[in-house]
Amino acid sequence: MDIILAWFFFLGKLLLLMLLIGVPLILIIVFLANAIYKRISPKYEELREKRMKELKDKDQSKP
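Since this is a predicted model, take the numbers as computed values, not measurements.

Points about the overall build of the chain
Thought 1: Regarding its fold elements, the chain presents 1 helix and 0 strands.
Thought 2: Taken along its principal axes, the extent of the C-alpha atoms in the chain is 85 × 25 × 5 Å.
Thought 3: Here the chain, with 63 residues, has 2% of them falling under the buried criterion.
Thought 4: In the chain, which carries 11 positive and 7 negative side-chain charges, the distance between the mean positions of the two groups comes to 3 Å.

The following block contains the structure:
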């Protein structure tokens with residue numbers, strides 16, 4: 001019985017430790033990705049619009 005109780009305490013502590021370490025890491029990754037996306041987004045949109053215009057012009061020039 002003591003061994004089972006010890007395993008439950010061990011697994012509980014392990015789960016708590018994983019949550020305490022994992023949640024802040026996930027938040028850091030999400031905020032960094034958001035910051036990078038905000039920095040890159042205008043350039044990407046500009047290239048996307050340019051490419052769409054080129055494809056549209058190419059389609060119109062075909063008979």
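Describing the pattern of salt bridges
Thought 1: Applying the stated criterion across every chain yields a total of 2 salt bridges.
Thought 2: Salt-bridge contacts for R48 lead to E45; the nearest nitrogen and oxygen are separated by 3.8 Å. Of this pair, R48 and E45 are both found in helix 1 (residues 2-61), 3 residues apart, which corresponds to roughly one turn of the helix.
Thought 3: Given a relative accessible area of 43%, R48 falls into the partly exposed group.
Thought 4: Note that R51 is salt-bridged to E54, the shortest N-O span being 3.7 Å. Here R51 and its partner E54 are both found in helix 1, 3 residues apart, which amounts to about one turn of the helix.

Topic: a nonpolar patch on the surface
Thought 1: Together, L16, L17, L20, I21, L25, I28 and L32 give the surface a local cluster of nonpolar side chains, amounting to about 710 Å² of exposed area.
Thought 2: Counting through the fold element by element, L25 comes out in helix 1.

Some points on the environment of L16
Thought 1: Mapped onto the secondary structure, L16 falls in helix 1.
Thought 2: In the structure, L16 is positioned 43 residues away from D59 in sequence and 58 Å away in space, judged by C-alpha atoms.

Calculation criteria
- Residues numbered from 1 in each chain as written.
- Predicted model: local features only at pLDDT ≥ 70, side-chain atom pairs only at ≥ 80, totals over all residues.
- Heavy atoms only, no water.
- Helix = DSSP H or I, 4+ residues; strand = E, 2+ residues; numbered from the N terminus.
- Buried < 20%, exposed > 50% of the residue type's maximum accessible area, 1.4 Å probe, protein only.
- Lys, Arg positive; Asp, Glu negative; His and termini not counted.
- Charge placed at Lys NZ, Arg CZ, Asp CG, Glu CD.
- Salt bridge = Lys/Arg side-chain N within 4 Å of Asp/Glu carboxyl O.
- Patch = residues over 30% accessible without salt bridge, like charges linked within 9 Å, V, L, I, M, F, W, Y side chains within 5 Å.
- Areas by Shrake-Rupley, 256 points an atom, 1.4 Å probe, with all protein chains shown as cover.

Note that every value here comes from positions in space, so none of it alone points to a role or purpose.
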